Amino acid sequence: AQTVTQSQPEMSVQEAETVTLSCTYDTSESDYYLFWYKQPPSRQMILVIRQEAYKQQNATENRFSVNFQKAAKSFSLKISDSQLGDAAMYFCAYRRSPEQGGGADGLTFGKGTHLIIQP
Amino acid sequence: EAGVAQSPRYKIIEKRQSVAFWCNPISGHATLYWYQQILGQGPKLLIQFQNNGVVDDSQLPKDRFSAERLKGVDSTLKIQPAKLEDSAVYLCASSLVAGQNYGYTFGSGTRLTVV
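Quick look at the structure, then. Each residue is numbered by its place in its chain's sequence as written, counting from 1. Each chain is given a letter, starting from A, and each ligand a number, starting from 1, according to the order in which they appear as written. With pLDDT at 70 or above as the cut-off, local features in this predicted model cover only qualifying residues; side-chain atom pairs require 80 or more to be listed or tallied, and sums for whole chains, interfaces and linings still use all residues. Excluded from the side-chain calculation are hydrogens and water; included are all heavy atoms of the structure.

1. Concerning the overall build of chain B
Across its full length, chain B holds 0 helices and 11 strands. In this text, helices come from DSSP runs of H or I with a minimum length of four residues, and strands from runs of E with a minimum of two, each type numbered from the N-terminal end. In chain B, the succession of helices and strands from N to C terminus is β-β-β-β-β-β-β-β-β-β-β. Throughout, the radius of gyration refers to the C-alpha atoms, and the reference size of a globule is 2.2 Å times the residue count to the power 0.38. On C-alpha atoms alone, chain B measures out to a radius of gyration of 13 Å, which is about the 13 Å that the 2.2 N^0.38 rule sets for 115 residues. For chain B, the C-alpha atoms occupy an extent of roughly 40 × 25 × 25 Å along the three principal directions. Looking at chain B residue by residue over its 115 residues, the buried ones come to 48%. Computed by Shrake-Rupley with a 1.4 Å probe, the accessible areas treat only the displayed protein chains as cover when residues are assessed. Surface summary for chain B: the accessible area is close to 5500 Å², and the carbon and sulfur share equals 49%. Here Asp and Glu are counted as negative and Lys and Arg as positive; His is not counted, and neither are the chain ends. Lysine's charge is taken at NZ, arginine's at CZ, aspartate's at CG and glutamate's at CD. Across chain B, 12 positive and 9 negative side-chain charges occur, with their mean positions spaced 5 Å apart. Burial classes follow relative accessibility: with a 1.4 Å probe on protein chains only, a residue under 20% of its type's maximum area counts as buried, one over 50% as exposed, and anything between as partly exposed.

2. Examining the state of the cysteines
Residue and element names in this part refer to chain A. Any two cysteine sulfur atoms lying within 2.5 Å of each other are counted as a disulfide. The full count for this structure, using the stated rule, is 2 disulfides over all chains. Between the sulfur of cysteine 23 and that of cysteine 92 lies a disulfide, 2.0 Å long from S to S. Residues cysteine 23 and cysteine 92 are joined through a disulfide that is left-handed, its torsion about the S-S bond being -70°. Highlighted residues: cysteine 23 in the loop between strand S3 (19–21) and strand S4 (24–26) and cysteine 92 in strand S10 (residues 88–96), separated in sequence by 69 residues.

3. Looking at the nonpolar core
Tyr25(A), Trp36(A), Phe75(A), Leu77(A), Tyr90(A) and Leu115(A) are the most contacted members of the largest nonpolar core, which has 25 residues in total. Listing elements by their share of this core, those giving two or more residues are S3, strand S5 (32–39), strand S6 (46–52), strand S8 (64–69), strand S9 (74–79), S10 and strand S12 (113–118) of chain A. No other element matches the 4 residues that S10(A) contributes to this core. Excluding its chain neighbours within four sequence positions, the residues that come into contact with Tyr90(A) are Gln6(A), Leu21(A), Trp36(A), Tyr37(A), Lys38(A), Val48(A), Phe64(A), Leu77(A), Ile79(A), Gly112(A), Thr113(A) and Leu115(A). Counting 21 residues, the second-largest nonpolar core is a separate cluster that includes Ile13(B), Leu32(B), Ala88(B) and Leu112(B). Buried residues of nine kinds, namely Ala, Val, Leu, Ile, Met, Phe, Trp, Tyr and Cys, make up a nonpolar core once their side-chain atoms join them within 4.5 Å. Two residues qualify as a contact provided that any one of their heavy atoms is within 4.5 Å of a heavy atom in the partner residue.

4. Side note on the pattern of salt bridges
Residues and elements named next belong to chain A. Salt bridges are identified by distance alone: a Lys or Arg side-chain nitrogen within 4 Å of an Asp or Glu carboxyl oxygen. The final tally for this structure, using the stated rule, is 6 salt bridges over all chains. Aspartate 26 serves as the salt-bridge partner of lysine 73, at 3.7 Å between the closest nitrogen and oxygen. Placement of the pair is lysine 73 in the loop between S8 and S9 and aspartate 26 in strand S4, with a sequence separation of 47 residues. Between glutamate 29 and arginine 96 there is a salt bridge, and its shortest N-O distance comes to 3.0 Å. With glutamate 29 in the loop between S4 and S5 and arginine 96 in strand S10, this residue pair connects regions lying 67 residues apart in the sequence. Given the relative accessible area of 12%, glutamate 29 is considered buried.

5. Points about the sheet that holds strand S7 (residues 65–68) of chain B
Residues and elements named next belong to chain B. Each pair of strands is called paired provided DSSP finds at least two bridges between the two strands. As summarised here, the arrangement of the 4 strands in space is S1-S3-S8-S7, forming an open sheet in which the pairing is antiparallel. Bordering the open sheet on either side are strand S1 (5–7) and S7, each of which pairs with just one other strand. Put simply, the sheet's adjacent strands are angled 15° from each other on average, direction ignored. Pairing between S1 and strand S3 (residues 19–24): 3 bridges, direction antiparallel. By the bridge assignment for S3, glutamine 6 is matched with cysteine 23. Each axis is a line fitted through C-alpha atoms, taken for helices only over the stretch in contact, and angles between the N-to-C directions span 0 to 180 degrees.

6. Some remarks on the pairing of S5(A)
Residue and element names in this part refer to chain A. Among the 8 residues in S5, 8 count as buried, and that is most of the element. Neither face of S5 is exposed, since Tyr32, Leu34, Trp36 and Lys38 on one face and Tyr33, Phe35, Tyr37 and Gln39 on the opposite face are all buried. Taken together, the 6 bridges between S5 and S6 define a ladder with antiparallel strand orientation. Bridge pairing in S6 places tyrosine 37 opposite leucine 47.

Written out as structure tokens, the structure is:
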């Protein structure tokens with residue numbers, strides 16, 4: 001079974017600064033997908049960024065970028081120019097390749113990191 | 001496009017009572033997921049439907065939890081009887097097609113408190 005570990009229960013950053021959230025995972029599969037989701041107090045999970053394991057290039061979405069190290073099974077999220085609206089819980093998630101899952105493609109989540117933005 | 005609709009938003013019940021949650025996915029989304037999120041943890045998949053068939057229910061406590069998606073559209077998750085440890089947020093998500101990297105859309109969840 002796959003596991004996802006987020007070792008930082010809480011992180012704090014000054015507005016406009018850069019912060020990196022850590023995530024490691026364990027899997028025996030070679031093809032899979034990784035995601036970062038944001039969960040504000042409204043509880044709705046919002047997709048921040050995703051990475052296909054077969055792609056060596058790190059994904060980037062505006063101020064959000066990842067450092068994907070497949071051999072180390074590491075998938076960190078960097079938020080540049082932090083804004084007050086970035087404050088939320090952030091979850092790292094793993095999804096197996098559909099070809100290996102028989103169609104089952106539910107997400108495996110880490111425990112999350114609470115990101116605080118200091119004005 | 002309308003999002004994933006869930007109701008109720010909050011529910012408080014006593015232990016041993018039964019409760020049901022409803023989810024209406026985005027129109028046209030064939031795949032529907034139910035997740036349980038206990039306070040301080042990440043969501044855990046309970047069940048995945050593809051149209052009206054179950055794809056994965058390996059983590060569903062089948063002695064007390066049941067779910068159905070009779071017409072391949074909306075879905076109901078039921079707990080009977082509820083235990084204190086069932087207190088959690090129940091999230092519903094949908095995707096266009098299972099196995100494709102279109103991403104998931106989540107609803108805002110139902111917060112269940114069992115007292």
